[in-house]
Structures are given as structure tokens and as C-alpha cells.
Amino acid sequence: MRSLLRTLERATLRDIALVCLADALVGASFGAISVSGGLPLWVPVAMSVLVFAGGSQFAAVGIVLSGGGALAAVVTGLVLNARLLPFGFTVADTLDGPVWRRLLGAQLLTDESVAFTLLQPDPRRRRAAYWVCGLALFLIWNASVLVGALAGGLIGDTDALGLDAAFPAVLLALVLPSLTDRRTRTAALTGAAVAVAATPFVPAGLPVLLALAGLLFAGRPDTAAAATSTDAAAAEGEPRPLAEEVH
Amino acid sequence: MSLLAVLLLAAGTYAFRLAGPLLGGRLTVSDRLRHLLAVAAAVLLVALVATGALTDGRDFAGWARPAGVLVAGVLALRRAPFPLVVVAAAGTTAVLRLCGVA
């Protein structure tokens, strides 16, 4: 671990620490919102260790807390996490070596660890960035979710504190950076309109999946951006390390 | 949320993560699929924001909650720090409710 740390520049380590700090706050919110919403403590804690993908964790818990079925929660979470599939191919070179290392390293794959990996100039530093960022985030994310979940149990009247507004607020802060792209924005707003319009008529959990109709407006990938993908992290839809996005 | 649901979500997510590192050399993901998956993630998150902010069960959530989320959106656009965004959302909604806005 120490040699991994020494491989990276100070500025990179500082940026990783800042992203960890931001994610710690998101994790604590996740734990607190889950437990104060009525879920048992083990749900957010187990999800954070096993799923380890903030956006989908929020999505699944949000759907269940609003009365949706577990199936809708799982499907929504899986569609959200499908973006990790191309990320896995992007960092496949970095995550080489014996199978056990790849099995272990795969769980650490997040928007953030991929972004930091792609910013490094050579294979040795890419490997170091992947493992340092991945391990640090895993530890801090799970610790902060536990702390948040314990604190969430102490909160009394969540509506009086406005905590029901915290969940959409967290997701909005997470998704805003990706809405700078016009087609993504059109697809997302169309989908949101469909979801809200459908809410009175279909079972809870389903409206969010119906929003995927917005994908009709997704258009084709930006070939200009793909052609200049020397800095792949800057390409559309790829993670930006300092935007406060969550894996 | 049952243990089975958590395990299903975890197993599927792990499979998405592992495919690249295991099959890296033998398979690639097209730019088109990559783009679609990224847009799909944004679509779902925005739909969750909209339904979470505006609806409660099958009904309108009242004005206090969307007002709080709107404040959060403005602060996030102005690149306010994350904790401020969340606290401002909850705070706005709480104060509005204290003033009698549902």
C-alpha cells in the first residue's frame, strides 16, 4: 500500500482525498435517509458493502420507501449500474494479473476510480490510482454509511425536518454535471415528464422505469468527442473526478 | 427491501464490473452502447428526482418538498458544496412546513 501511495503525485492523492470526503457526506446521507425512512439498519449497511454503487443504492431505497416493489428497485438499480460495464472494459488493461486480483479489484470499480485511473499517464501510476482510489472509497463509503445509519435511527419526525426533500436533492446534485450534454438533457427531461405523468396510474416503482422511453431522444454518440478520446475522462458520459458524482 | 433483493442487485452489479477485467482482450463495448448506458443512467436519476420531488404515493407531494428540491438545484448549479445543497433542501422544506405550507 505504501509503495502504491508513493507512486502517485501529491496532487492526485489530494484530489482522491477530496472526492472521498464528498462521498463520505453522500454515504452518511444515504445511511441516515434509509434508516429514518423506516428500513432496518442492515439494509443500507449490507447494500453499501455488496452493491457499493451510490446512485443505485439511493435509487433502490427511494423506490422501496415510496412504496414500490423490490423487483422495480432491483431493475432500476441494475439499469443504473449497467454503465459500469463499459467502464470495466476501459480499465481492463489496468486490472490485470492473477484472477483473484481481478475478482477483488472489480468490486472497487466506480465512476471515481475509473476517472482517476484514466487521468494517469503510465500503466504503473494507473494501477496505483485504481487501487488507492478504489480501496479508500470502499473503506470511507462503508464507514460513513454506517455512521449515517446509526444517526438516522435517532431522528424523530423526518417530515418536520424536511428530510423527504433531501433524497431528491442528493440525486439532483449527483446528476446535474451529466446534464450539460443537450441530448442527455432532452432524454432525461422527457423521461421525467413520462414518469410523473404515469405516477397516478401505475404501481409505484414502475414510473421511473417508464422514463427510459426518454432514451428515444438519446441520439448517437458524439463522434467528434470519441475521435479525440486521448483524455477519455473528458468524453461525454464518462466520469469527471472532481464533480461530486457518486459511483 | 429483502435480503434477496439486495443480493440480486449486488450480483448483477458485480457482473457488470467483472465483465471487462475478465474478458477485456476478447470483447469490446461499442461507442453506441456506451453512450446509451450513460444516457440511461441520467434518465433514471432525473426521473427519480422528479417523482421524488413531486409525488407521494400516487398524489402530489405538496409545495414544500419541491420548493426544497428547487433550492437544492439552484445551489448545485452554482457549485455550492454538497452538504450545503442537502441541508438547504431539507431546511427550506422544514421551514415552509413550519409556516403552514403543506
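Residues numbered from 1 in each chain as written. Chains lettered and ligands numbered in written order. Predicted model: local features only at pLDDT ≥ 70, side-chain atom pairs only at ≥ 80, totals over all residues.

Quick look at the overall build of chain A
Each helix and strand in chain A was counted, giving 13 helices and zero strands. When each of the 247 residues of chain A is scored for burial, the buried share is 54%. Long-range pairs, those at least 24 residues apart, make up 70% of the contacts in chain A between residues at least 6 apart in sequence. (Helix = DSSP H or I, 4+ residues; strand = E, 2+ residues; numbered from the N terminus. Buried ≥ 20, exposed ≤ 12 C-beta atoms within 10 Å, placed from the backbone. Contact = placed C-beta atoms within 7 Å.)

Re the environment of phenylalanine 60 of chain B
In this fold, phenylalanine 60 of chain B is placed in strand β2 (residues 59-60). Apart from the residues within four sequence positions on either side, phenylalanine 60 of chain B is in contact with Leu54 and Thr55 of chain B.

A look at the packing of helix α5 (residues 70-81) of chain A against helix α2 (residues 31-54) of chain B
It is the contact of α5 of chain A with α2 of chain B, at a shortest axis distance of 8 Å, that shows an interaxial angle of 140°. As judged from the angle between their axes, α5 of chain A and α2 of chain B are oblique. For the pair α5 of chain A and α2 of chain B, the contacting residues are Thr76, Val79 and Leu80 of chain A in the first and Ala40, Ala41 and Leu44 of chain B in the second. Of the residues contributing to the contact of α5 of chain A with α2 of chain B, the split by class is five nonpolar, one polar and no charged. (Axes fitted to C-alpha atoms, helices over the stretch in contact; angles between N-to-C directions. Parallel < 35°, antiparallel > 145°, perpendicular 65-115°, else oblique. Nonpolar A, V, L, I, M, F, W, Y, C, P; charged D, E, K, R; others polar.)

Focus on helix α10 (residues 163-175) of chain A
Side chains of residues three or four places apart in an α-helix project in the same direction, reflecting 3.6 residues per turn. Between its first and last C-alpha atoms α10 of chain A spans 19 Å; for 13 residues at 1.5 Å apiece the expected length is 18 Å, and the two agree. Within α10 of chain A, 13 of the 13 residues are buried, which leaves it mostly tucked inside the rest of the structure. (Expected span 1.5 Å × (residues − 1).)

Regarding the confidence of the model for chain B
Confidence in the prediction of chain B, expressed as mean pLDDT, is 91, and 99% of residues score 70 or more. Put simply, strand β1 (residues 55-56) of chain B is where chain B has its lowest mean pLDDT, 90, and helix α3 (residues 64-77) of chain B is where it has its highest, 96. (pLDDT = per-residue confidence, 0-100.)

Some remarks on the interface of chain A and chain B
Chain A puts 85 residues into the contact, and the matching count from chain B is 64 residues. No other element matches α10 of chain A, which puts 13 residues into the side of chain A that touches chain B. Of the residues in the side of chain A that touches chain B, the class split is 61 nonpolar, 18 polar and six charged.

Focus on the nonpolar core
Core analysis: the largest hydrophobic core is formed by 108 residues, its most contacted members being Ala169 of chain A together with Val43 and Leu44 of chain B. The leading source of residues in this core is α2 of chain B, at 16 residues. Discounting residues that sit within four places of it in the chain, valine 43 of chain B has contacts with Ala187, Ala188, Gly191, Ala211, Leu212, Gly214 and Leu215 of chain A. (Core = buried A, V, L, I, M, F, W, Y, C linked by C-beta atoms within 7 Å.)

Some thoughts on unusual backbone geometry
With the exception of glycine, most residues fall at negative phi, and the peptide bonds are largely trans. Phi is positive for phenylalanine 52 of chain A, which is not a glycine, with a value near 50°. Positionally, phenylalanine 52 of chain A belongs in the loop between α3 (42-50) and α4 (54-65). Using a count of 25 C-beta atoms within 10 Å as the deciding quantity, one classes phenylalanine 52 of chain A as buried. You will see that arginine 79 of chain B, though not glycine, has its phi angle at about 60°, which is positive.

Some details on the environment of leucine 41 of chain A
Residue and element names in this part refer to chain A. Within the fold, leucine 41 resides in the loop between α2 (10-36) and α3. Taking the C-alpha atoms as reference points, leucine 41 and glycine 152, separated by 111 residues in sequence, lie 9.1 Å from one another. Among all residues touching leucine 41, those that are not within four sequence positions of it are Val35, Ala149 and Gly153.

Focus on the packing of α10 of chain A against helix α4 (residues 82-98) of chain B
It is at 8 Å that the axes of α10 of chain A and α4 of chain B come closest, and there the two elements cross at 145°. The two elements α10 of chain A and α4 of chain B cross, and the hand of that crossing is right-handed. Two secondary-structure elements touch here, α10 of chain A through Leu163, Ala165, Ala166, Ala169, Val170 and Ala173 of chain A and α4 of chain B through Phe82, Val85, Val86, Ala89, Ala90 and Thr93 of chain B. Partitioning the contact of α10 of chain A with α4 of chain B into residue classes produces 11 nonpolar, one polar and no charged. (Left-handed = near helix turned anticlockwise from the far one by under 90°.)

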